[in-house]
Amino acid sequence: MRSTLRNDLIELFSQAGSEFISGQKISDALGCSRTAVWKHIEELRKEGYEVEAVRRKGYRLIKKPGKLSESEIRFGLKTEVMGQHLFYHDVLSSTQKKAHELANDNAPEGTLVVADKQTAGRGRMSRVWHSQEGTGIWMSLILRPDIPLQKTPQLTLLAAVAVVQGIEEATGLQTDIKWPNDILIHGKKAVGILTEMQAEEDRVRSVIIGTGINVNQEADDFPEELKETATSLSQAAGEKIDRASVMQHILLSFEKRYRDYLAHGFTPIKLLWESYALGIGSELRARTLNGTFYGKALGIDEEGVLLLETKEGIKKIYSADIEMGSL
């Protein structure tokens, strides 16, 4: 079955919800014969979709497959741009690397790369990101914003807000942001965000936002050195989480926040980010390449830079590892 027809059929079922769709309506919508409709339905069944067929009523979707797939991600995706150009892989070395290649080949804004497993996933400062199959969300999103180079770090904070909101809407879980873009649950890291830019001279060509989310890992799935500091959504929720649903909610939230940002600037994002942030008003330690600084976190400025009140005055923190608690 051609991918476009499959996607159109999935969209029809998504819009219908629990209602039946007649074979004739599907035929008209897809521009194919009733016999072809039946063949397309059979292809979906082979992918793990449970489709009920009732004479004189038509078809309706009863159950989706549990495995992550392109069809699973598209089913129920309500965005207009984000994720509509989708590249799904069972295994990739890195979704970020693949997104860079697609961006160089002029992939449109909103192009999303997703892998069920990464063999060379990485986080900030080239740290290894453990991304085994069947457990998490490993994705990279291509943006093409018309903004000055110096404003691109703001998109990292925007992404953090979108992830927090998307997780809450999909699962009901409350999460926190640790500057600039780590997402924590009860003090343990569940999400990492890596933002990279392609630019020439003073123009942004693309911004690629990579997101790694621990969704259905159990405690024993984490390496020994991470067991005390990492967690997953399912550990916090006490039940298995639908990865496609989380992804869809995050993409929709991102699309809304991104439109707000392009229309109204960074201020609305800044206020949202600070409302989810840990440590505002508290003492913390910021380890930077230029030294370690201690002070009270005052918030972020209009560029998204962390403001730290130290004994020597206000220090602007552009990149750092942040430690909170007793110093």
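Residues numbered from 1 in each chain as written. Predicted model: local features only at pLDDT ≥ 70, side-chain atom pairs only at ≥ 80, totals over all residues. Heavy atoms only, no water.

## Observations concerning the overall build of the protein
Counting its secondary structure elements, the protein contains 9 helices and 14 strands. Taken over the C-alpha trace, the protein has a radius of gyration of 22 Å; the compact-globule value for 327 residues is 20 Å, and the two agree within 12%. Across its three principal axes, the protein shows a C-alpha extent of roughly 80 × 45 × 30 Å. With 327 residues in all, the protein has 50% of them scored as buried. When contacts within the protein are restricted to residue pairs at least 6 apart in sequence, long-range pairs at least 24 apart make up 61% of them. When the accessible surface of the protein is summed, it comes to about 16000 Å², and 47% of that surface belongs to carbon and sulfur atoms. Across the protein, the 42 positively charged side chains and the 46 negatively charged ones have centroids separated by 4 Å. (Helix = DSSP H or I, 4+ residues; strand = E, 2+ residues; numbered from the N terminus. Rg over C-alpha atoms; globule rule 2.2 N^0.38 Å. Buried < 20%, exposed > 50% of the residue type's maximum accessible area, 1.4 Å probe, protein only. Contact = heavy atoms within 4.5 Å. Areas by Shrake-Rupley, 256 points an atom, 1.4 Å probe, with all protein chains shown as cover. Lys, Arg positive; Asp, Glu negative; His and termini not counted. Charge placed at Lys NZ, Arg CZ, Asp CG, Glu CD.)

## Comments concerning the packing of aromatic side chains
This model, assessed by the stated rule, comprises 1 aromatic pair. When the ring of phenylalanine 254 is compared with that of tyrosine 258, the centres are 5.8 Å apart and the planes differ by 25 degrees; the resulting orientation is stacked. With phenylalanine 254 and tyrosine 258 both in helix α8 (residues 243-264) and 4 residues apart, the pair spans about one turn of that helix. The pair phenylalanine 254 / tyrosine 258 is uniform in exposure class, with both members buried. (Phe/Tyr/Trp six-rings, centres within 6.5 Å; stacked < 30°, edge-to-face > 60°.)

## With respect to the pairing of strand β3 (residues 86-92)
Walk down a regular strand and you will see the side chains alternate between the two sheet faces. Alignment of β3 against strand β4 (residues 112-118), held across 6 bridges, turns out to be parallel. Looking across to β4, one finds that phenylalanine 87 is bridged to valine 113. Of the crossover connections in this fold, the one passing from β3 over helix α5 (residues 95-104) to the parallel β4 is right-handed. (Pairing = 2+ DSSP bridges. Right-handed = clockwise from strand over helix to strand, strands pointing away.)

## Re empty space enclosed by the protein
Under the criterion given, the structure shown has 2 cavities of 30 Å³ or more. Here the largest cavity is characterised by a volume of approximately 100 Å³. Taken together, Leu112, Met139, Ser140, Leu141, Ala159, Ala162, Val163, Ile209, Thr211, Ile250, Leu251 and Phe254 make up the full set of residues lining the largest cavity. Looking at the lining of the largest cavity, the elements that each hand over two or more residues are β5 (136-143), α6 (153-171), β9 (203-214) and α8. Split into classes, the residues belonging to the lining of the largest cavity amount to 10 nonpolar, 2 polar and no charged. In this model, the second largest cavity occupies a volume close to 50 Å³. Around the second largest cavity sit Trp179, Leu278, Ile280, Leu284, Ala297, Leu306, Ile322 and Met324, which together line it. (1 Å grid on protein atoms, 1.4 Å probe; cavity = no way out; pocket = protein on both sides within 12 Å on 5 of 7 lines; lining within 4 Å. Points joined across faces, edges and corners; volume = space filled by probe spheres on them. Nonpolar A, V, L, I, M, F, W, Y, C, P; charged D, E, K, R; others polar.)

## Side note on the environment of glutamate 72
Within the secondary structure layout, glutamate 72 lies in helix α4 (residues 70-74). Residue class for glutamate 72 comes out buried when judged on its relative accessible area of 3%. C-alpha of glutamate 72 to C-alpha of arginine 243: the two residues are 171 residues apart in sequence and 9.3 Å apart in space. Residues in contact with glutamate 72, not counting those within four places in the same chain, are Tyr49, Lys64, Pro65, Lys67, Asp242, Ala244 and Gln248.

## What about the sheet that holds strand β13 (residues 313-317)?
Taken together, 5 strands build an open sheet; the order of strands is β13-β12-β11-β10-β14 and the sheet is antiparallel. At either margin of the open sheet sits one strand with a lone partner, and together these are β13 and β14 (321-324). Neighbour to neighbour, the strand axes of the sheet diverge by 45 degrees on average, direction disregarded. As judged from the 5 bridges shared by strand β12 (residues 306-310) and β13, these two strands associate in the antiparallel manner. Each residue of the ladder has a partner; that of glutamate 309, found in β13, is isoleucine 314. (Axes fitted to C-alpha atoms, helices over the stretch in contact; angles between N-to-C directions.)

## Some words on the layout of surface pockets
Quantified by volume, the second largest pocket comes out at close to 490 Å³. Lining the second largest pocket are 22 residues, and of these Pro153, Thr156, Pro180, Tyr318 and Ser319 sit closest to its centre. The leading source of residues in the lining of the second largest pocket is strand β8 (residues 188-200), at 5 residues.

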